[in-house]
Amino acid sequence: METVFIIEKLILVVIIFTITLVIAMYSTLAERKIAGFMQDRPGPNRAGPGGILQPLCDGGKFFFKEEIIPAGAHKGLFILGPTLTIITALIGSAVIPWGQTLSIGGNEVVLQVADINIGVLYVFGVVALSVYGVMIGGWASNNKYSLLGAIRAASQSISYELGMGLSLIALLMVTGTLSFSEIVAQQSGFVNWNVFVQPLGFLLFMICSFAECSRVPFDLPECETELVGGYHTEYSSMKLGLYMFSEYIHMFVASAVMSSLYFGGYNFPFMYDLGLSQNWITIIGVIVFFAKIFGFIFFFMWVRWTLPRFRFDQLMHLGWKVLIPLSILNIVLTAVFTLVKDYYF
Amino acid sequence: MSLFYFVAFLSIIFALMTIFTKNPVHSVLYLVVTFFTFTIHYIMLNAQFLAIVNFIVYMGAIMVLFLFVLMLLNLNEDTEPMKSVLVKVMGVVAGMCLLVVLFGAFRVLDVSDALVGPQPDIGLVKNLGKVLFNEFLLPFEITSILLLTAMVGAVVLAKNDTKKA
């Protein structure tokens, strides 16, 4: 039993790891294709049919570029920075329930790597940890522009973590649990989705996710057009590639977290009314879940090619003076509603 | 049990590295790793909530601020004034006194099973919340007021400075 369990989890980890990397890889192509669509131009279309091989070419180019470690840089920490960033980006998906259970030859396989009862806090912790990769990388470069960029990135990340945590608290007051699998299981069907109970909370959480992934309009950590690049100014070759790549992985994980917390995860309307067997419900659920994730990724890109970037003081103003008071208001409203519902209905 | 000894060994090694490294930024990074090993200790004690809060608050928030300040200060041996011998001796004496007190406190304790306490599930979120909000409600609320006071104080101090400048 024990070995079967471990092998099962290992296979699941490898599958999720591969899917994450492939989706992140093709997000780079999708981003450029969507940019092309929005700006009325074709986008990359030379490598393979419709540009399908473009991510491979980009990756190959990154590997063959010359690798430069600046003379005054601290070598160990300079390498640790991008490593830590990519690790923290990848471990976030461990607690996400990708589907219900599949029964294969009498074995019940749960499509979730770790069903821990503090799943939501775990994701929050991973987000908190992702600051280190950026800060270490920026400091180890021994360049004042990198250091300033790292501090800009870290202060943005810390500020929006608070709003994110506060908007999650309101959600947790509704669900009453911290476990991802229970939160998703509570939202079965369509009307039970948390987004209908917590519309304001979802909006706040989504804005904070944009900031945590440093996507436009919050991409000040790496705004190459008006400030010097940011924490990765001194990076070249695949180390720069890892920083860039982790942004797309962050986007994928953030989309998965948003779909499972607020949009029902693998649940879809009329899932138990169609007379399907458990395996079919699970398979369709996984497909539906990925459709939701792709929807969110498209939304991320849509916003990127529609909105301009904030100034840094506007960003701080929004984070501290708008989002945090609004999320506290959301907590109070949720508490009042819950009490009124408990006493009078 | 061997896992406990291994993690305890790591904690002590990284704590010593924190003290003995010359570069303050490296020192903070070793301290972060030390806190991470504490998180593993909490998980082994089945105190999941404490583990993740230690992870988020100490590793994710407090140490980031430490790192922030140290990276901007760019401390090194040449520019920093060295402390006088008297202060160093006083520090050693004070540290030794603390060691004696701790040693005396530990001597009278009974040895308990290191891995499983009397109530193994007390550290889960549900149980911890019930204990905090039933038995220890007053101390809990007073602590939160204390934190709020500190926060207001910090804001007041920061405001005063900008007016003068």
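Residues numbered from 1 in each chain as written. Chains lettered and ligands numbered in written order. Predicted model: local features only at pLDDT ≥ 70, side-chain atom pairs only at ≥ 80, totals over all residues.

Asks: Can you walk me through the overall build of chain A in this structure?
Replies: Counting its regular elements, chain A contains 11 helices and two strands. Its C-alpha atoms give chain A a radius of gyration of 21 Å, within 12% of the compact-globule value 20 Å for 345 residues. Considering only C-alpha atoms, chain A reaches an extent of 65 × 50 × 45 Å along its principal axes. Sequence separation of at least 24 residues holds for 79% of the intrachain contacts in chain A that already meet a minimum separation of 6. (Helix = DSSP H or I, 4+ residues; strand = E, 2+ residues; numbered from the N terminus. Rg over C-alpha atoms; globule rule 2.2 N^0.38 Å. Contact = placed C-beta atoms within 7 Å.)

Asks: Can you help me understand the overall build of chain B in this one?
Replies: Secondary structure summary: chain B contains six helices and zero strands in total. Starting at the N terminus and ending at the C terminus, chain B contains elements arranged as α-α-α-α-α-α. Evaluated residue by residue, chain B yields a buried proportion of 12% over its 165 residues. Considering only residue pairs separated by 6 or more positions, chain B has 59% of its internal contacts joining residues 24 or more positions apart. (Buried ≥ 20, exposed ≤ 12 C-beta atoms within 10 Å, placed from the backbone.)

Asks: Help me understand the domain arrangement of chain B in this model?
Replies: Interfaces are frequently sized by the accessible area removed from exposure as the parts join. Splitting chain B by domain gives domain 1 (2–76 + 83–134) and domain 2 (135–165). Of the residues in the side of domain 1 of chain B that touches domain 2 of chain B, the class split is three nonpolar, one polar and no charged. (Domains from an automatic or database assignment. Nonpolar A, V, L, I, M, F, W, Y, C, P; charged D, E, K, R; others polar.)

Asks: Would you mind showing me how to read the confidence of the model for chain A here?
Replies: Low pLDDT marks regions whose predicted coordinates should not be analysed in detail. Per-residue confidence for chain A gives a mean pLDDT of 87; residues scoring 70 or more make up 99%. Per-element averaging of pLDDT across chain A places strand β2 (residues 107–110) of chain A at the bottom with 78 and helix α8 (residues 199–212) of chain A at the top with 91. (pLDDT = per-residue confidence, 0-100.)

Asks: Just checking my understanding: could you explain helix α4 (residues 119–140) of chain A for this structure?
Replies: Every α-helix winds through 3.6 residues per turn, so residues three or four apart in the chain are directed the same way. Residue and element names in this part refer to chain A. The end-to-end C-alpha separation of α4 is 32 Å, in line with the 32 Å expected for 22 residues at 1.5 Å each. With 22 of 22 residues buried, α4 lies mostly within the body of the structure. Within two residues after α4, Asn-142 carries a phi angle of roughly 60°, on the positive side. (Expected span 1.5 Å × (residues − 1).)

Asks: When you look at the confidence of the model for chain B in this model, what are you seeing that I'm missing?
Replies: When pLDDT is averaged across chain B, the result is 83; 85% of the residues are at 70 or more. Interface confidence for the predicted complex, expressed as ipTM, amounts to 0.82; the pTM equals 0.87.

Asks: Any chance you could explain the interface of chain A and chain B here in plain terms?
Replies: Between chain A and chain B, the contact holds 16 residues from the first and 15 residues from the second. Every element with two or more residues in the side of chain A that touches chain B is listed here: α4 and α5 (144–175) of chain A. Tallying contributions element by element places α4 of chain A first for the side of chain A that touches chain B, with nine residues. Of the residues belonging to the side of chain A that touches chain B, the class tally is 14 nonpolar, two polar and no charged.

Asks: I'm lost on the environment of Val-25 of chain B in this one. Help?
Replies: Structurally, Val-25 of chain B is set in helix α2 (residues 24–44). The exposure class of Val-25 of chain B is buried, given the 21 C-beta atoms found within 10 Å. For the pair Val-25 of chain B and Pro-139 of chain B, spaced 114 residues apart in sequence, the C-alpha separation works out to 36 Å. Among all residues touching Val-25 of chain B, those that are not within four sequence positions of it are Trp-139 of chain A together with Leu-67, Leu-70 and Met-71 of chain B.

Asks: What is the right way to look at the packing of helix α3 (residues 75–91) of chain A against helix α9 (residues 237–262) of chain A in this model?
Replies: Each pair of packed helices gets described by two things: the angle between the helix axes and the distance between those axes. Residue and element names in this part refer to chain A. Where α3 meets α9, the axes come as close as 9 Å, and the angle between the chain directions of the two elements is 15°. Here α9 runs roughly parallel to α3, going by the angle between their axes. As α3 runs across α9, the sense of the crossing is left-handed. Only Lys-239, Leu-242, Tyr-243, Phe-245, Ser-246, Ile-249, His-250 and Val-253 of α9 make contact with α3, whose side of the interface consists of Pro-82, Thr-85, Ile-86, Ala-89 and Leu-90. Per-class residue counts for the contact of α3 with α9 are nine nonpolar, three polar and one charged. (Axes fitted to C-alpha atoms, helices over the stretch in contact; angles between N-to-C directions. Parallel < 35°, antiparallel > 145°, perpendicular 65-115°, else oblique. Left-handed = near helix turned anticlockwise from the far one by under 90°.)

Asks: What's the story with unusual backbone geometry in this structure? I'm lost.
Replies: Among all residues save glycine, negative phi is the norm, and among peptide bonds the norm is trans. Residue and element names in this part refer to chain A. The phi dihedral of Asn-142 is positive, around 60°, even though this residue is not glycine. Relative to the helices and strands, Asn-142 is located in the loop between α4 and α5. Taking the C-beta count within 10 Å as the criterion, Asn-142 has 16 such neighbours and is therefore assigned partly exposed.

Asks: How should the packing of α9 of chain A against helix α10 (residues 278–304) of chain A be read in this particular structure?
Replies: All names here are of chain A. It is at 9 Å that the axes of α9 and α10 come closest, and there the two elements cross at 120°. Overall, the two elements α9 and α10 adopt an arrangement that is oblique. Classified by chirality, the crossing of α10 by α9 is right-handed. Mapping the contact onto sequence places Met-251, Phe-252, Ser-255, Ala-256, Met-258 and Ser-259 in α9 and Phe-289, Lys-292, Ile-293, Phe-296, Ile-297 and Phe-300 in α10. Looking at the contact of α9 with α10, its residues break down into nine nonpolar, two polar and one charged.

Asks: Mind showing me how you'd approach the pairing of β2 of chain A here?
Replies: Consecutive side chains along a regular strand alternate between the two faces of the sheet. Residue and element names in this part refer to chain A. Pairing between strand β1 (residues 101–104) and β2: four bridges, direction antiparallel. Bridge pairing links Leu-102 to Val-109 in β2. The hairpin formed by β1 and β2 contains two residues between the paired strands, and Gly-105 there has a positive phi angle of roughly 55°. (Pairing = 2+ DSSP bridges.)

Asks: Any chance you could explain helix α1 (residues 2–38) of chain A here in plain terms?
Replies: All names here are of chain A. Taking 1.5 Å of rise per residue, the 37 residues of α1 would be expected to cover 54 Å, and the 52 Å separating its terminal C-alpha atoms lies within 8% of that figure. Along α1, the largest kink reaches about 25° and is centred on Ser-27. Taken together, the buried positions of α1 are Ile-23, Ala-24, Ser-27 and Leu-29. On its buried side, α1 packs onto α2 (54–64), α9 and α10. Following α1 by one or two positions, Asp-40 has its phi on the positive side, about 60°. (Bend = angle between axes of the 7 residues up to and from the residue.)

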